[in-house]
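An overview of the molecular structure
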Amino acid sequence: MDMKIAIYPGSFDPVTKGHLDIIERSAKMVDVLIVAVLNNGTKSPLFSVEERVNMLREVTKDIKNVKIDSFSGLLVDYAKKAGASIIIRGLRAVTDFEYELQMAQTNRIMDNSIDTIFLTTSLEYAYLSSSTVKEVARYGGNVEHFVPEYVVKKIEDKIISMKKS
Ligand code: PNS
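First, a word on scope: everything that follows refers to the structure included in this document. (Residues numbered from 1 in each chain as written. Predicted model: local features only at pLDDT ≥ 70, side-chain atom pairs only at ≥ 80, totals over all residues. Heavy atoms only, no water.)

1. Let's talk about a nonpolar patch on the surface
- A contiguous nonpolar surface patch, about 290 Å² in accessible area, is contributed by Val94, Phe97 and Leu101.
- Take Leu101: it is sitting in helix H4 (residues 94-110).
- A residue is classified by how much of its surface remains accessible, and Leu101, at 33% relative accessible area, is partly exposed. (Patch = residues over 30% accessible without salt bridge, like charges linked within 9 Å, V, L, I, M, F, W, Y side chains within 5 Å. Areas by Shrake-Rupley, 256 points an atom, 1.4 Å probe, with all protein chains shown as cover. Salt bridge = Lys/Arg side-chain N within 4 Å of Asp/Glu carboxyl O. Helix = DSSP H or I, 4+ residues; strand = E, 2+ residues; numbered from the N terminus. Buried < 20%, exposed > 50% of the residue type's maximum accessible area, 1.4 Å probe, protein only.)

As C-alpha cells, this is what we get:
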C-alpha cells in the first residue's frame, strides 16, 4: 500500500504552539508528516534555517512519524521529490483565507496531483503568529504562553546575542 506522505510547509521563525498543534493533529492523519522550512524567504528572519530546523526537531522529537527538512524553490517541486500528495496548512481566522486560497489554487494549477488540506487552528492559538511572538520578545515580554519551552530559551539567547552585537 502507498504511504500517505504530507508536507507542512512554512517559515517557522520560530515554531509556535499553534504550529505544534497543527503538527500533532495532522501527524495522526498520515503515515509521514514532513515539516518543511522555507529556505528562500524574502523576509529577514530572526533565526537561520538551520536554527529553525533544530528547534522543530527538538519540539517534535516524541512524534514518531514527523520528519523535519528545509526546502528552496517551489513547494510543489519539493513535494513531488518527497513523494508527498498532501500539503497541510493551518487556518487561524478569515484573514488567512485569501492568501491561503491563492497559494492552494496556484499550487494546484502547477501540480494537480497535490491537494492542500486546511486544519483550523485550535481556538486557544487562533490569535498566535511568529511575528507577534518576535515583537513581544523584542520588547522583553514573556513568550511562554506562545512557544514551546525549548523555544523560549532559544529566543532569549537570540535577543541577548542581538543586543550584544
Ligand atoms: O509560514 P509562511 O511564511 O506563511 O509559509 C509560506 C510558504 C512557505 C508555505 C510559501 O511561501 C511557499 O510555499 N513558498 C515556496 C514558494 C512557492 O512554492 N510559491 C508558490 C505558491 S504561492
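After that view, the rundown keeps rolling.
2. Regarding the site of the ligand
- Surrounding the ligand, one finds 13 residues, the nearest of these being Gly10, Ser11, Lys43, Leu75 and Arg89.
- One nitrogen or oxygen atom from the side chain of Ser11 is found 2.5 Å from an oxygen atom belonging to the ligand.
- Between Arg89 and the ligand, the recorded distance is 2.9 Å, taken from a side-chain N or O atom to an oxygen atom.
- Here the ligand, which alone exposes 550 Å², has 77% of that area covered by the protein.
- Broken down by secondary-structure element, the contributors of at least two residues to the shell around the ligand are strand S1 (5-10) and H4.
- No other element matches H4, which puts three residues into the shell around the ligand.
- Across the shell around the ligand, the residue classes tally to seven nonpolar, four polar and two charged. (Near = heavy atom within 4 Å. Polar contact = N/O pair within 3.5 Å; in protein donor to acceptor, adjacent residues only side chain to side chain. Nonpolar A, V, L, I, M, F, W, Y, C, P; charged D, E, K, R; others polar.)

3. Things to note about the pattern of salt bridges
- If you walk through the whole model with that rule in mind, you get 10 salt bridges.
- Here Lys80 makes a salt bridge to Asp111, at a shortest N to O gap of 3.2 Å. Residue Lys80 is found in helix H3 (residues 75-82), and its partner Asp111 is found in the loop between H4 and strand S5 (115-120); the two are separated by 31 residues along the sequence.
- You can call Lys80 exposed: its relative accessible area is 56%.

4. Some details on helix H6 (residues 149-164)
- Along its 16 residues, H6 runs 23 Å from first to last C-alpha, staying within 8% of the 22 Å computed at 1.5 Å per residue.
- Among all positions of H6, only Val151, Val152, Ile155, Lys158 and Ile159 are buried. For H6, the buried positions fall inside an angular range of 130° around the axis, keeping them on one side. Turned more than 90 degrees away from the buried face of H6 sit Glu149 and Lys164, all of them exposed. (Expected span 1.5 Å × (residues − 1). Arc of directions from axis to C-beta.)

5. With respect to the side chain of Asn107
- By secondary structure assignment, the location of Asn107 is in helix H4.
- Taking relative accessible area as the criterion, Asn107 reaches 11% and is therefore assigned buried.

6. Some remarks on the sheet that holds S1
- Taken in spatial order, the five strands line up as S3-S2-S1-S4-S5 in an open sheet, and their pairing is parallel. Every interior strand has two partners, whereas the edge strands, strand S3 (66-71) and S5, have only one. Averaged over all pairs of adjacent strands, the angle between their axes in this sheet comes to 30°, without regard to strand direction.
- Two strands pair when backbone bridges link them, and strand S4 (residues 86-91) and S5 are joined in this way by six bridges, in the parallel orientation. Bridged to Ile88 within S5 is Ile117.
- Against the sheet, helix H2 (residues 49-59) contacts strand S2 (32-38) and S3, and its axis sits at roughly 155° relative to S2. (Pairing = 2+ DSSP bridges. Axes fitted to C-alpha atoms, helices over the stretch in contact; angles between N-to-C directions. Contact = heavy atoms within 4.5 Å.)

7. Considering unusual backbone geometry
- Residue Pro14 is reached from Asp13 by a cis peptide bond, and omega for that bond is 0°.
- Along the chain, the position of Pro14 falls in the loop between S1 and helix H1 (17-27).

Remember that the coordinates give geometry; whether it matters functionally is a separate question.
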